[in-house]
Amino acid sequence: MPSRLAEIIRRLSPLVPLAVASWSHPAQAQLIAQYFPSDLPGYASPEQADSVVMHQLMSHQPAGIHVGDFLVRPSAALSAGYNTNTLATPHTQSPQFVMDGGLKVNSDWTRHAFGLLASVSDRRFSQIPIADYTNWTIGAGGSLSLGQDTLALGYTHYQQHLSSMDLGNFGVSRPVPYSADDVRLTYTKLFGRFSVIPSAIYENYSFGRATGGGIDTDYGSLSHHLETGSLTSRFELSTGNSAVMILRGSAAQYLATQGETPNDYVDGAAFAGLDLDTNSVIRYRLLAGGETRHFTRSAAPSVTTPTFEIDTIWSPSRADTVSIFFYRRILDPASPFARNQTVTDGRIQLDHELRRNVFLRGFAEGGMSQTGRTVPGTRSRTQTLFKFGVSANWVINRYVTADLSFNHVNNYSHGGLPMDTLYAGRKSTFASNYVALGVSFAE
């Protein structure tokens, strides 16, 4: 990494909590990747699904507070703005107020590792109170160094809400609450330049009811638990460069709902690719393979598709970074609507250092979700989503960063009926604009 880019990232680090809240990460169809931090031991993923820029920002957090053998990093962010369409439905414009807080604790040991995480995010809409929601997460993870090998275990519990603005969330308008528990065990075995990484993951999702407006909508049929096993092998071609192969198998069991057939499925996927990170100008990760999903209890047809993922950073100058993220896959097993959606999505992002303490960002993103029939007689559904946005960040000092941002979302869907009966007459096409001014604090 060029020294200048490293300095940019170092000075960007105080705005990480606000960036997560307001800069809109890539629509990567992996909800789990949006909530689990890469620096919590036990949750480092060999699949490299997150954007490279976000990984770099997260890995260059503020210095924190040393308490004995632990590093404590508190953070907080406040912002206020105006949203022209809070629920993807006409006449739902409102001022929006956002409050985020977080605490991370990581060990500072020479061997082994342990970490804790707690975060909360509150959204308030003064004119549309049924859009209000609060998310929170707690987690813990640790790793043991066994010679050259590593054993890692992590657990996270979170309370979140589905958003009508996310790709693949068909029929959602009001925030839909759900909770999840995630447990994962990973072992890394080294054989010189070659490593083998088996992992086992268990996830349990429980969905509640969208309330407000005098009508409650039950989303309990989305509740499911999921078991995933994967085997990742890496071969170090040279320092910082590796060839990667991933085999993954998953099985999902949905909650039995009266009058509906559960969409239980088994899923298999295989990927091969390159992780090239030593070039100072361009760094990229490539994965390509295939995935197949078969439904074991419903009459939904099987889905098989080629899959790929491209994650690239280009540094054309010492003050600019261009990031490109592009993928196609069946909706990730960890996602709430992971039944038979095939998602293709791409994003390009430019980060520019205007001054030593002023940073600009612009991005554009386009995605499509295609859903086949879940039961005989139902229609397939297609959703196309476009986003773009700009933001400016002013690093006031080591602890405080101000942020001004604008985001636009445009959506078009057809096929199928919305699940939320409160807005039965809602349009399949919607646009939303959101402008916000915020400030973040980090130690």
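Only a predicted model underlies this, so the values are computations on that prediction, with no experimental measurement involved.

## Some details on the overall build of the chain
(1) Moving on: When helices and strands are counted, the chain shows four helices and 21 strands.
(2) Moving on: Per-residue burial for the chain yields a buried fraction of 51% across its 443 residues.
(3) Moving on: The contacts of the chain with a sequence gap of at least 6 include a subset with a gap of at least 24, amounting to 61%.

## Observations regarding the pattern of salt bridges
(1) Moving on: Counting across every chain of the model gives 16 salt bridges.
(2) Moving on: Among the ionic pairs, Arg 347 bridges to Glu 365, the shortest N-O distance being 3.3 Å. Here the residue Arg 347 occupies a position in strand β17 (residues 341–355), and Glu 365 occupies one in strand β18 (residues 358–371), the gap between them amounting to 18 residues.
(3) Moving on: According to the relative accessible area criterion, Arg 347 is buried, its value standing at 5%.
(4) Moving on: Residue Glu 365 is classed as buried on the basis of its relative accessible area of 6%.
(5) Moving on: Through salt bridges with shared partners, one network takes in Arg 248, Asp 267, Glu 291 and Arg 293.

## Structural notes on the confidence of the model for the chain
The predicted structure's coordinates, where accompanied by low pLDDT, should not be read in detail.
(1) Moving on: Per-residue confidence for the chain gives a mean pLDDT of 80; residues scoring 70 or more make up 80%.
(2) Moving on: Every residue in residues 1–37 is under pLDDT 50, and counting partners more than four places away or in other chains gives 121 contacts.
(3) Moving on: In the predicted structure, residues 45–60 sits below a pLDDT of 50 and forms 50 contacts with residues beyond four places in sequence or in another chain.

Calculation criteria
Residues numbered from 1 in each chain as written. Predicted model: local features only at pLDDT ≥ 70, side-chain atom pairs only at ≥ 80, totals over all residues. Heavy atoms only, no water. Helix = DSSP H or I, 4+ residues; strand = E, 2+ residues; numbered from the N terminus. Buried < 20%, exposed > 50% of the residue type's maximum accessible area, 1.4 Å probe, protein only. Contact = heavy atoms within 4.5 Å. Salt bridge = Lys/Arg side-chain N within 4 Å of Asp/Glu carboxyl O. pLDDT = per-residue confidence, 0-100.

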